[in-house]
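Topology and contacts: notes
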Amino acid sequence: AQSVTQLDSQVPVFEEAPVELRCNYSSSVSVYLFWYVQYPNQGLQLLLKYLSGSTLVKGINGFEAEFNKSQTSFHLRKPSVHISDTAEYFCAVRKIQGAQKLVFGQGTRLTINP
Amino acid sequence: GAGVSQSPRYKVAKRGQDVALRCDPISGHVSLFWYQQALGQGPEFLTYFQNEAQLDKSGLPSDRFFAERPEGSVSTLKIQRTQQEDSAVYLCASRQFPGPRHGELFFGEGSRLTVL
């Protein structure tokens, strides 16, 4: 089975500061990796995904993430955050072969302070 | 439609009542998923359809939960004899084809169920 651990339940940062949201996963088989964002009262939206190739993945809204296979991590970063980035962020994995379902972490609430 | 549509957005049920939650996926999308998101938690997988076939229902928590997609488009999640622990947001998602290399998974805004 797969599992995802998001190490921080809440991350407060000041506007224009850099941010890193941490994600570690556990799986006995190879997986694809995803980050989703959920704005208040909205559905989840895909930020970025790692399927193969370059381990540094760029997504929407200036976010990027780096896949580290040896550390089983997929941390999300942004060099300068904006008030509009305030949201809940979810890391997720999916087996490359077999089951179609995504397994999500518990989420990290990012709060941007002016 | 423009996106995945779910109804009702909010549902309050008395313990023991049956509820039905509807999902209208994006037109033509083959894959459809249901997830349950408890307060302060990440979404948890419930079930997966490819067209009208329910290929995975391993996440349904009990036999009180039932999902269908009879014509391969609209899907309904039914919960019988609701319990307080069923209170959650139920998310529906669809994708044009199976597999993450074949397009993005689009989520609806969810149906928030509160069981009193």
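Residues numbered from 1 in each chain as written. Chains lettered and ligands numbered in written order. Predicted model: local features only at pLDDT ≥ 70, side-chain atom pairs only at ≥ 80, totals over all residues. Heavy atoms only, no water.

So, the overall build of chain A
What chain A contains, in helices and strands, is 0 helices and 12 strands. By the compact-globule yardstick of 13 Å for 114 residues, chain A fits well, its C-alpha radius of gyration being 14 Å. Along the first, second and third principal axes, the C-alpha set of chain A runs to 45 × 30 × 20 Å. When the 114 residues of chain A are sorted by exposure, 47% land in the buried category. Taking contacts inside chain A between residues at least 6 apart in sequence as the whole, the part at least 24 apart equals 56%. In the form shown here, chain A has an accessible surface area of approximately 5500 Å², with 48% of it arising from carbon and sulfur atoms. Charged side chains in chain A number 10 positive and 8 negative. The centres of these two groups are separated by 14 Å. (Helix = DSSP H or I, 4+ residues; strand = E, 2+ residues; numbered from the N terminus. Rg over C-alpha atoms; globule rule 2.2 N^0.38 Å. Buried < 20%, exposed > 50% of the residue type's maximum accessible area, 1.4 Å probe, protein only. Contact = heavy atoms within 4.5 Å. Areas by Shrake-Rupley, 256 points an atom, 1.4 Å probe, with all protein chains shown as cover. Lys, Arg positive; Asp, Glu negative; His and termini not counted. Charge placed at Lys NZ, Arg CZ, Asp CG, Glu CD.)

Thoughts on the pattern of salt bridges
All names here are of chain A. What the rule picks out here adds up to 10 salt bridges over all chains. R77 is the partner of E20 in a salt bridge, and the nearest nitrogen-oxygen pair spans 2.8 Å. Within this pair, whereas E20 is found in strand β3 (residues 19–21), its partner R77 is found in strand β9 (residues 73–78), the two being separated by 57 residues in sequence. Between R109 and E88 there is a salt bridge, with its nearest N and O atoms 3.0 Å apart. Taken together, the residues R109 in strand β12 (residues 108–113) and E88 in strand β10 (residues 87–95) connect sequence positions 21 residues apart. A single salt-bridge network, built from bridges that share partners, covers E20, E66 and R77. (Salt bridge = Lys/Arg side-chain N within 4 Å of Asp/Glu carboxyl O.)

Looking at the packing of aromatic side chains
Counted according to the given criterion, the structure contains 14 aromatic pairs over all chains. Judged by centre distance (6.4 Å) and plane angle (90°), the rings of F90(A) and F104(A) are edge-to-face. Taken together, the residues F90(A) in strand β10 and F104(A) in strand β11 (residues 103–104) connect sequence positions 14 residues apart. Each member of the pair, F90(A) as well as F104(A), carries the same accessibility label: buried. For the pair Y35(B) and F107(B), a centre-to-centre distance of 6.0 Å together with 45° between the ring planes defines the contact as tilted. Of this pair, Y35(B) sits in strand β4 (residues 31–37) while F107(B) sits in strand β10 (residues 106–107), placing them 72 residues apart in sequence. Of the two residues examined, Y35(B) and F107(B), each falls in the buried class. (Phe/Tyr/Trp six-rings, centres within 6.5 Å; stacked < 30°, edge-to-face > 60°.)

Quick word on unusual backbone geometry
Residue and element names in this part refer to chain B. A cis amide bond links S7 with the next residue in sequence, P8, at an omega value of -10°. Position of P8 among the secondary structure elements: in the loop between β1 (5–7) and β2 (10–13). One non-glycine residue with positive phi stands out, namely N51, at about 55°. Residue classification places N51 among the partly exposed positions, given a relative accessible area of 33%. Of note in the backbone geometry, R81 takes a positive phi value of approximately 50° without being a glycine. Along the chain, R81 turns up in the loop between β8 (75–79) and β9 (88–95). By relative accessible area, R81 is classed as partly exposed at 43%.

A closer look at the environment of V74(B)
Residues and elements named next belong to chain B. Following the sequence through the fold, V74 ends up in the loop between β7 (65–68) and β8. Residue V74 is classed as partly exposed on the basis of its relative accessible area, which comes to 23%. Taking the C-alpha atoms as reference points, V74 and R22, separated by 52 residues in sequence, lie 7.3 Å from one another. Residue contacts for V74: discarding those within four places in its chain leaves R22, C23, D24, P25, E68 and R69.

Topic: the side chain of K78(A)
Residues and elements named next belong to chain A. Along the chain, the position of K78 falls in strand β9. Its relative accessible area of 7% is what places K78 among the buried residues. Only 2.8 Å separates the side chain of K78 from the backbone oxygen of N61, close enough to count as a polar contact. Discounting chain neighbours no more than four positions away, the residues touching K78 are A17, P18, V19, N61, G62, F63 and D85. (Polar contact = N/O pair within 3.5 Å; in protein donor to acceptor, adjacent residues only side chain to side chain.)

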